[in-house]
2 protein chains.
Amino acid sequence: MTELKLFAPASIANLNCGFDVIGVCLQAIGDEMIFRKVAEKGLRITKITGATLPFEIDKNVAGVAAQAVLDEVGEPDFGIEIEIHKKIRAGSGIGSSSASASGAAFGINALLGYPLSKKELLNAAMKGEAIASGCEHADNVAPCMLGNFTLIRGYGPLDVVEIQAPNELFAVVLHPQIELKTADARAVLEPNISLKSAITQWGNVGGLVAGLCTQDYALIGRSLQDVVIEPLRKGLIPFFDELKSAALHSGALGAGISGAGPSVFALCKGISQAEKTAFAMSQAYLETGIAFDIHISAIDTEGVRILESIA
Amino acid sequence: MTELKLFAPASIANLNCGFDVIGVCLQAIGDEMIFRKVAEKGLRITKITGATLPFEIDKNVAGVAAQAVLDEVGEPDFGIEIEIHKKIRAGSGIGSSSASASGAAFGINALLGYPLSKKELLNAAMKGEAIASGCEHADNVAPCMLGNFTLIRGYGPLDVVEIQAPNELFAVVLHPQIELKTADARAVLEPNISLKSAITQWGNVGGLVAGLCTQDYALIGRSLQDVVIEPLRKGLIPFFDELKSAALHSGALGAGISGAGPSVFALCKGISQAEKTAFAMSQAYLETGIAFDIHISAIDTEGVRILESIA
């Protein structure tokens, strides 16, 4: 392969009860990236559209992830050019930086003839992610890379569990056009929580995983609760309660903050329900006067993938 | 049915990461109870073997659970006698009181022609359990009643998720003959835990549930960790570390405190491995000079059940 264009999907992390451990991959939203073999050695970012991002390899999420792959498998005897075409807005809370990181790791690996598996690429992707979020987290890079739902069972070593998405599950994501820094969303968290809340939360994590594994949509819905993080963070998202309430009243299985926000997601059974919920959420937010965009997406079952390639 | 004899199995609660929410039913250990229709109205406990327990209905776990069923469905026009034959030692940490409570609720319901489902009987069983443990918990009554693994997703209303046990899974339970009161085991707990530990714990809960649902024994093993409760409680069980270490070194998937202790359990893949692990745990504990008994058990997939009945 001398050139390839890939799709790096957006993702929803946390899913209420699964703070820092559960994520899901979205089919309808994602970045495109191009990777090209060239004669002049070295790694270069040659084009960025859709966002203002640094071209320096060591300051760019995709650059760092790409370099991390090369550090692991060795520099090739050709150079590589990367084009980044952002479609996921930075700071929206649906894994924009993770898409860049996972996409870059995957793209480099593909050009090199796939020396590493997708799971093995997660460490490199996490290094890229760390440039944006300050720490090596896998809760967005894993679903973006692998597709479906992912559970980070633990770090050290990274243990990612893939959970197949029930096939009638759809996501709605409403992105309010406000700025909410991940650092601010982190700052409201408390270092300690009550044992009682923790037990409630891990009961719901167990319920969500069991619901996904057995395609029990009602159980998925009952488990999409968050007694730990949402109460602390929802104040950062204007009209969160109204939005969540609109989603639930329209028939969504559950709703909550996507990642660190400000996007708000809902999960629905079936495309018709997702359309109904998207309409209800739009109506609720139109009244606030805050600009937003909204997406309906199937769950992506494949993760980062090649769209076109030149042999 | 005018008379029935039933089996009420022992169970392991918590399973490390699943404190207060996960439990599993054991096939090899359990109480027997007899329920008999008699002319003289009223509920009476007429015989108790294997333990010294009160005969007064309102002071006996089985009596309270039985009465709770009658309170829910109405007093019948006949009387009921109960015999309790305890095989599970009180205070062993494998659901002795829960077996009495679930068995009693099931037995009364059966004599009455099954007006309630097994799941509907859990509330009555929890009322019985509360006499012994001080609070209405379902983490042992649910697996005892329903069999397999159970997850208490939440209370209010009680939401119990049944998870089928992988068919090669076996449990080993070593019961040190020491007294450890549940109240003392509760007293060492901290009301708050770090968010970091909570995240680790719910990552493992997700992993354990996913492992059970997909019969992934290695994942089950990696998930059988407890960073929250075990560090606080293990000091109450003499030579816990040595026992756990012996289990793990022998090839067990995981090991930990059964319920509030003092029993220590291990989960193993296959009966041969379970026998090997039981031998290793026995050897380790023989050196301590503390008396113990040890059981190997398949996972019970049925829960409380009738052994014999007279029409």
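Everything quoted here is computed from the prediction, not taken from an experiment.

Caption draft 1: View of the pattern of salt bridges. Residues and elements named next belong to chain A. Within this structure, the stated rule accounts for 36 salt bridges over all chains. With its nearest N and O atoms 3.5 Å apart, the salt bridge here joins lysine 5 to glutamate 308. Here glutamate 308 lies in strand β12 (residues 305-310) and lysine 5 lies in strand β1 (residues 3-13), a separation of 303 residues in the sequence. Taking the relative accessible area as the measure of exposure, glutamate 308 reaches 49% and is therefore partly exposed.

Caption draft 2: Quick peek at the relation of the copies chain B and chain A. Between chain B and chain A, which share one sequence, the superposing operator has a rotation angle of 180° and an axial displacement of 0.0 Å; the RMSD is 0.0 Å. Such a combination of rotation and displacement between the chain copies is what one expects of a two-fold axis. A symmetric contact is evident, with 100% of the interface residues of chain B recurring at the interface of chain A.

Caption draft 3: Inspection of the UniProt feature "domain: GHMP kinase N-terminal" (unreviewed entry) in chain A at higher detail. In the UniProt entry, the feature "domain: GHMP kinase N-terminal" (unreviewed entry) is given for residues 63-147 of chain A. Within the segment residues 63-147 of chain A, helix and strand shares are 53% and 8% respectively, and the terminal C-alpha atoms sit 22 Å apart.

Caption draft 4: Region of interest: the sheet that holds strand β10 (residues 264-269) of chain B. Residues and elements named next belong to chain B. The 4 strands lie next to each other as β9-β10-β7-β11, forming an open sheet whose pairing is antiparallel. At either margin of the open sheet sits one strand with a lone partner, and together these are β9 (254-257) and β11 (292-298). Neighbouring strand axes in the sheet, compared pairwise and without regard to direction, differ in orientation by 20° on average. Here strand β7 (residues 169-176) runs beside β11; their pairing, made up of 7 bridges, is antiparallel. Bridge pairing in β11 places proline 176 opposite phenylalanine 292. Contacting β7, β9 and β10, helix α9 (residues 240-249) crosses the sheet at an angle of about 160° to β9.

Caption draft 5: Main features of the nonpolar core. Residues Phe149 and Trp202 of chain A together with Phe149 and Trp202 of chain B are the most contacted members of the largest nonpolar core, which totals 168 residues. If we ignore the near neighbours within four places in the chain, the residues touching tryptophan 202 of chain A are Leu195 of chain A together with Cys17, Gly18, Phe19, Val21, Ile193, Ala198, Gln201, Trp202, Val205 and Val228 of chain B.

Scoring rules and cut-offs
- Residues numbered from 1 in each chain as written.
- Chains lettered and ligands numbered in written order.
- Predicted model: local features only at pLDDT ≥ 70, side-chain atom pairs only at ≥ 80, totals over all residues.
- Heavy atoms only, no water.
- Salt bridge = Lys/Arg side-chain N within 4 Å of Asp/Glu carboxyl O.
- Helix = DSSP H or I, 4+ residues; strand = E, 2+ residues; numbered from the N terminus.
- Buried < 20%, exposed > 50% of the residue type's maximum accessible area, 1.4 Å probe, protein only.
- Least-squares fit on C-alpha atoms with pLDDT ≥ 70 in both.
- Contact = heavy atoms within 4.5 Å.
- UniProt positions renumbered as here; feature names shortened; annotations may be inferred.
- Pairing = 2+ DSSP bridges.
- Axes fitted to C-alpha atoms, helices over the stretch in contact; angles between N-to-C directions.
- Core = buried A, V, L, I, M, F, W, Y, C linked by side-chain atoms within 4.5 Å.

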